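# Chain and residue survey
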Amino acid sequence: MRSVIGRFGVGRFGKFGLNSIRRYSNGVIFQQKVVKSLPWYGIGTLATFIGLAVGVTKVYSDDLETVVVSSKVSPFPVHIKSPLIESSTLIGHGIREVSFLRMQVYALGLYIADSDKQLVSKVLHSKFLESFYEKPIGELTPPCEGDNERHSINVHSALNDKNISTILIDSLLDAGVRFSARICAIRNTDLSHLRDGFVRTICNNPNYSKLLHDPEREAEAERIVAGLDELRAVFNSAPRGKTKKNEIVFVELCQEGALRVVAGTKELGIVHEPLVGRLLFEGYLSAEKPLVPRVQQGCAESLSHLV
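Here is what the cut-offs are and how they apply
- Residues numbered from 1 in each chain as written.
- Predicted model: local features only at pLDDT ≥ 70, side-chain atom pairs only at ≥ 80, totals over all residues.
- Heavy atoms only, no water.
- Helix = DSSP H or I, 4+ residues; strand = E, 2+ residues; numbered from the N terminus.
- Buried < 20%, exposed > 50% of the residue type's maximum accessible area, 1.4 Å probe, protein only.
- Expected span 1.5 Å × (residues − 1).
- Polar contact = N/O pair within 3.5 Å; in protein donor to acceptor, adjacent residues only side chain to side chain.
- Phe/Tyr/Trp six-rings, centres within 6.5 Å; stacked < 30°, edge-to-face > 60°.
- Pairing = 2+ DSSP bridges.
- Core = buried A, V, L, I, M, F, W, Y, C linked by side-chain atoms within 4.5 Å.
- Contact = heavy atoms within 4.5 Å.
- pLDDT = per-residue confidence, 0-100.
- Axes fitted to C-alpha atoms, helices over the stretch in contact; angles between N-to-C directions.
- Parallel < 35°, antiparallel > 145°, perpendicular 65-115°, else oblique.
- Left-handed = near helix turned anticlockwise from the far one by under 90°.
- Nonpolar A, V, L, I, M, F, W, Y, C, P; charged D, E, K, R; others polar.

### Considerations on the overall build of the protein chain
- When helices and strands are counted, the protein chain shows eleven helices and eleven strands.
- Scored against the burial criterion, the 307 residues of the protein chain give a buried share of 52%.

Right, here's the structure in full:
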């Protein structure tokens, strides 16, 4: 297994390196105003306290087969194989909206490869999580039934912490955890619009800007620029540029971080530069500027149940 601290991990986050995160997260899991009546937990709101006290709710029950993401498109399968390489399970879903009019563009579902689920607990173990806080995180969590539930709550909290969630997601990616995104058009559109949306998601990732402006990472900056050109070329290779309502596009992380793009059942191509897939899925999974907050929150809950 590769190191759990990725190329964007501890020491790569400018003012939010590990020591800074420890200071910033001194005694708190959520970076919110502390409720005066509950000062010993350092939890942001009474609602948060109640939610943590009863545990993290499981997003999808084991017997669920489909989920309605939008009434305008077909339900999303909870478990899926074809046309993906790996059998995968849904961990979060929501709707991508754009502009102040909140125009619905597509329904989005994120999946995790079934064979990689066991890696989540190996990466997000309690000792790794405690490295981000000055106080033992056991002191910061409301009373619960046992250590496993307490750890699940702490992982859920950390994945929703905008200052450290990206490090945790990068650690999962470095360990080889493979995610996929299922995009279903809510209205007729063009593949070029989806292509440009993927590029914007990557460019809006705070780590993209950090990478481009770090003089010590010039080689990586050149790689991501070339990788975005590779992504555009994959979409431009499609024989038909239209995507009708209810049609599906998949992006799937493969071995070594390559990104596979599928429209319907046809593979458009593979983006071999791993920085492209990494920055894209950071944009989906990180609590810092998530593309679709509901998707990120659902994924945080689902991943916390795998530890």
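After that view, the rundown keeps rolling.
### Focus on helix α10 (residues 274-285)
- Between its first and last C-alpha atoms α10 spans 16 Å; for twelve residues at 1.5 Å apiece the expected length is 16 Å, and the two agree.
- Counting buried residues in α10 gives eleven out of twelve residues, a clear majority hidden from the surface.
- Residues of α10 that are buried: Leu 275, Val 276, Gly 277, Arg 278, Leu 279, Leu 280, Phe 281, Glu 282, Gly 283, Tyr 284 and Leu 285.
- One side-chain oxygen of the residue at the start of α10 lies 3.0 Å from the amide nitrogen of Leu 275, identifying that residue as Glu 273.

### Some points on the packing of aromatic side chains
- Going through the model one piece at a time under the given rule, you end up with three aromatic pairs.
- With a centroid separation of 5.5 Å and 35° between ring planes, the pair formed by Phe 198 and Phe 235 is classed as tilted. Within this pair, whereas Phe 198 is found in helix α7 (residues 191-203), its partner Phe 235 is found in helix α9 (residues 218-236), the two being separated by 37 residues in sequence. Of the two residues, Phe 198 and Phe 235, both sit in the buried class.
- Between Phe 281 and Tyr 284, the ring centres sit 5.3 Å apart and the planes meet at 80°, which makes this aromatic pair edge-to-face.

### With respect to the sheet that holds strand β5 (residues 103-113)
- In spatial order, the strands read β3-β4-β5-β6-β9-β10-β11; together these seven strands make up an open sheet with antiparallel pairing. The sheet terminates laterally at β3 (79-80) and β11 (266-271), the two strands that pair on one side only.

### Considerations on the pairing of β5
- Judged by how many residues are buried, β5 sits mostly within the fold: eight of eleven residues are covered.
- The pairing of strand β4 (residues 88-98) with β5 spans ten bridges and is antiparallel. Residue pairing across strands places Thr 89 opposite Ile 112, the latter belonging to β5.

### Some remarks on the nonpolar core
- Counting residues in each nonpolar core, the largest one holds 60 residues, and the members touching the most others are Leu 110, Phe 179, Phe 281 and Tyr 284.
- Looking at this core, the element that brings in the most residues is α10, giving seven residues.
- The residues touching Phe 179, leaving out its near neighbours within four places in the chain, are Ile 91, Tyr 111, Ile 112, Leu 172, Leu 173, Val 251, Glu 252, Leu 253, Phe 281, Leu 285 and Leu 303.
- With 15 residues, the next largest nonpolar core counts Val 69, Phe 76, Ile 248 and Phe 250 among its residues.

### Some remarks on the confidence of the model for the protein chain
- Per-residue pLDDT for the protein chain averages 80, and the proportion of residues at 70 or more is 75%.
- Here residues 1-56 scores under 50 on pLDDT; set against residues more than four positions off or in separate chains, the count is 134 contacts.

### Some remarks on the packing of helix α6 (residues 165-174) against α10
- Closest axis-to-axis distance for the α6/α10 pair is 10 Å, and the angle between their directions is 135°. Compared by their axis directions, α6 and α10 come out oblique. In terms of crossing hand, the pair formed by α6 and α10 is right-handed. Contact residues: Thr 166, Ile 169, Asp 170, Leu 173 and Asp 174 in α6; Arg 278, Glu 282 and Leu 285 in α10.
- Looking at the contact of α6 with α10 residue by residue, the class counts come to three nonpolar, one polar and four charged.

### Quick word on the environment of Ile 202
- Along the polypeptide, Ile 202 turns up in helix α7.
- Accessibility expressed as a relative area gives 0% for Ile 202, which makes it buried.
- Taking the C-alpha atoms as reference points, Ile 202 and Ile 224, separated by 22 residues in sequence, lie 9.6 Å from one another.
- Ile 202 has contacts with Tyr 208, Ile 224, Leu 228, Leu 231, Val 276, Leu 279 and Leu 280, leaving out every residue within four places of it along the chain.

### Here's the deal with helix α11 (residues 293-304)
- Counted at 1.5 Å a residue, the expected span for α11 with its twelve residues is 16 Å, and the 17 Å between its end C-alpha atoms agrees.
- Here α11 has its buried residues at Val 295, Gln 296, Gly 298, Cys 299, Ala 300, Ser 302, Leu 303 and Ser 304.

### Brief notes about unusual backbone geometry
- That bond from Ser 82 to Pro 83 is cis: its omega, 5°, falls within 30 degrees of zero.
- Among the secondary structure elements, Pro 83 is positioned in the loop between β3 and β4.
- Although it is not a glycine, Glu 256 adopts a positive phi angle of roughly 65°.
- Its place among the elements puts Glu 256 in the loop between β9 (248-253) and β10 (259-263).
- Note on Glu 256: relative accessible area 59%, which makes it exposed.

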